Amino acid sequence: MECAAKGRGTRCTGGPPTRRCGRCGAVAYCSISHQVSHWSEHKEECARLEQQMLNSHILHDFPFTFSNESTFQVCEREVTRCSFLMKRDIHHVGVWKFECSCWTSNTSFDYSSGRDNDGWGLPSDLCPCRDPVNPISTQLSNWKDYYEWRCLPLHSPAALLLHWPLTIFHAVKLAGISHSTFKVANKLHIHYLGPDIELRELAVFSELHALFPGLQVHIDFFGPEVPQSRDDSKINLHSYAHCVDIECDCKSRTEAEWRISDGTTAAVSLQFHKGLYHDLYRKSKKDPAPDLIIAPNAGIAAYPSWLPTIELIKEMNVLAIFSDYCEEAAHLAASCIGTVTKCPLTVPIQINPFRQPMAVEDSVLYLACYSNCVLFGM
């Protein structure tokens, strides 16, 4: 948490910003003088932030047995991501190793489908390591629906990672994309902008096998965080992330089992491109346009590099779905998009039912913040 007036005049006192705005409660200040001097700016957003604070309980509402703990609503002791994962013996285990502040950006980028260090680190009854028992429901609209479909108990922490593929699934539903609208038959092609931590959690994207049965799903990742050594490389996910049960048949899945009617391998394929989207895509105009563009936790208002990307997306005439950590970030992003496109959002700001069910630590505001929290589109 930082003083809301930091960098806007006199230097902060150096102490923590303990003086919260008495109206919205979303921002805090290090001193009375900073609060007073900032009012001329803050008054434009205060009522909006107040309403967002009043709606925080909606964002904290999850069906899981661990919800009070993961949303940091418990007061008995300090809860952190590390302590949450430690309690469940998955701290620094498999795909969980990058889900807390312990990991460093220097950790090498690697993925090999089926390897133990890319697995769930959970028993088979707590993770989706095999095909679903029942066909996917058309009414799959929230975490409770998904857990029931995948036969997972509500104390399974799997949703903390599955928000990546489930947000893609929900974005496709919002976009109204179906077999009849695919640019290539039986293939869903997505451009995924600005990947970061998910580059080290790629195994969870194998759940797209279950979410889009009988389809080839190809995702192009574009972003500066893609390692140079992985630029233009491709990965095929032929199996689900593995559980820890030695006898589970998830370890016997082979490529031959992923076939669709025309004999083509029904794999989820991921390709990586290092650099900013507008630079890379304009250089390769021969590449086919995607069915959908997705930009998770975009931070459009925070990064000026988004402006030429928004211009490009408008030229491409392809629906783009963005997510962000809180409603305020989405509001600021919508303002930026409107400035560039001169048009309102095509998909209005809305809560993502598949947001990550663990609150973001060390937010700059008192607002409820979650990864992939809200969605909007142009």
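Everything that follows concerns the structure shown earlier in this document.
Computed from a prediction, not measured in an experiment: that's the story for all the values here.

About the criteria used
Residues numbered from 1 in each chain as written. Predicted model: local features only at pLDDT ≥ 70, side-chain atom pairs only at ≥ 80, totals over all residues. Heavy atoms only, no water. Axes fitted to C-alpha atoms, helices over the stretch in contact; angles between N-to-C directions. Helix = DSSP H or I, 4+ residues; strand = E, 2+ residues; numbered from the N terminus. Parallel < 35°, antiparallel > 145°, perpendicular 65-115°, else oblique. Contact = heavy atoms within 4.5 Å. Nonpolar A, V, L, I, M, F, W, Y, C, P; charged D, E, K, R; others polar. Left-handed = near helix turned anticlockwise from the far one by under 90°. Buried < 20%, exposed > 50% of the residue type's maximum accessible area, 1.4 Å probe, protein only. Arc of directions from axis to C-beta. Phe/Tyr/Trp six-rings, centres within 6.5 Å; stacked < 30°, edge-to-face > 60°. Lys NZ or Arg CZ within 6 Å of the ring centre and 35° of its normal. Pairing = 2+ DSSP bridges. Salt bridge = Lys/Arg side-chain N within 4 Å of Asp/Glu carboxyl O. Polar contact = N/O pair within 3.5 Å; in protein donor to acceptor, adjacent residues only side chain to side chain.

Please set out the packing of helix α2 (residues 46–54) against helix α11 (residues 327–341) residue by residue, giving values where relevant.
Two elements in contact, α2 and α11, have axes whose closest approach is 10 Å; the angle formed by their N-to-C orientations is 140°. Relative to α11, α2 is oriented oblique. Judged by residue contacts, R48, L49 and Q52 of α2 engage E327, E328, H331 and L332 from α11. For the contact of α2 with α11, the per-class residue count stands at two nonpolar, two polar and three charged.

Quick rundown of the packing of helix α10 (residues 306–316) against α11? Include the residues and the values.
Where α10 contacts α11, the axes come no closer than 10 Å and their chain directions differ by 60°. Taken together, the axes of α10 and α11 are oblique relative to one another. Handedness of the α10/α11 crossing: right-handed. Residues L307, I310, E311 and K314 of α10 form the contact with α11, whose participating residues are I337, V340 and T341.

Go over α10, please, and point to the residues and values.
Those residues of α10 not exposed but buried are W306, T309, I310, L312, I313 and M316. Taken down its axis, α10 places every buried residue within 160° of arc, on the same side. On its buried face, α10 sits against β3 (187–193), α9 (277–283), β7 (292–295), β8 (320–324) and α11. Positive backbone phi, at 60°, marks N317, one or two positions downstream of α10.

Explain the packing of aromatic side chains to me, using residue names and the numbers behind them.
Counted by the stated rule, this structure contains 21 aromatic pairs. Between W96 and W120, the aromatic rings sit 6.1 Å apart at their centres with planes inclined by 55°, giving tilted as the arrangement. Note that W96 is positioned in the loop between α5 (81–87) and α6 (143–149) and W120 in the loop between α5 and α6, a separation of 24 residues in sequence. The buried category is assigned to W120, whose relative accessible area is 2%. An aromatic cluster of three or more residues is present, and its members are F62, F64, F66, F84, W143, Y146, Y147, W149, F354 and Y370. Seen from the ring of Y366, R20 lies directly overhead, with NZ or CZ sitting 3.6 Å from the centre.

Could you give an account of the sheet that holds strand β10 (residues 374–377), with specific residues and numbers?
What the eight strands build is an open sheet, ordered β5-β6-β4-β3-β7-β8-β10-β9; its pairing is mixed. Each edge of the sheet is formed by a strand with only one pairing partner; in this case those strands are β5 (234–237) and β9 (347–351). Pairwise comparison of adjacent strand axes, ignoring direction, gives a mean angle of 20° for this sheet.

Explain the pattern of salt bridges to me, and be specific about the residues and the numbers.
Per the stated rule, a full pass over the model turns up nine salt bridges. We note a salt bridge from E2 to K6, for which the minimum N-O separation is 3.5 Å. Since its relative accessible area comes to 43%, E2 is described here as partly exposed. Judged by its relative accessible area of 47%, K6 is partly exposed. Taking the shortest distance from any N to any O, the salt bridge between R282 and E315 comes out at 3.2 Å. Here E315 lies in helix α10 and R282 lies in helix α9, a separation of 33 residues in the sequence. Residue E315 is classed as exposed on the basis of its relative accessible area, which comes to 56%. Residues joined by salt bridges that share partners form a network here, namely E69, K87 and R88.

Lay out the environment of L166 in plain terms, naming residues and giving numbers.
Within the element layout of this structure, L166 appears in helix α7 (residues 159–175). As a C-alpha pair, L166 and D231 span 65 residues in sequence and 25 Å in three-dimensional space. Residues contacting L166, with those up to four places away along its chain left out, are W143, Y146, L211 and F354.

Tell me about the side chain of Q52, residues and numbers included.
Here Q52 is to be found in helix α2. The residues touching Q52, leaving out its near neighbours within four places in the chain, are E327, E328 and L367.

If you had to explain the pairing of β3 to someone new, which residues and values would you point to?
The two faces of the sheet receive side chains in turn, since in a regular strand these alternate between them. Among the seven residues that make up β3, six are buried, leaving the element largely enclosed by the rest of the structure. Two strands pair when backbone bridges link them, and β3 and β7 are joined in this way by three bridges, in the parallel orientation. From the neighbouring strand, H191 faces β7, where its bridge partner is I293.

Let's hear about the side chain of S206: which residues, and what values?
Its location among the elements puts S206 in the loop between β3 and α8 (208–211). Relative accessible area serves as the criterion here: at 2%, S206 is assigned to the buried category. Within the structure, S206 has its side chain in polar contact with the backbone oxygen of A203 (distance 2.6 Å). If we skip the residues at most four places from it in the chain, S206 touches L237, S239, Y240 and A241.

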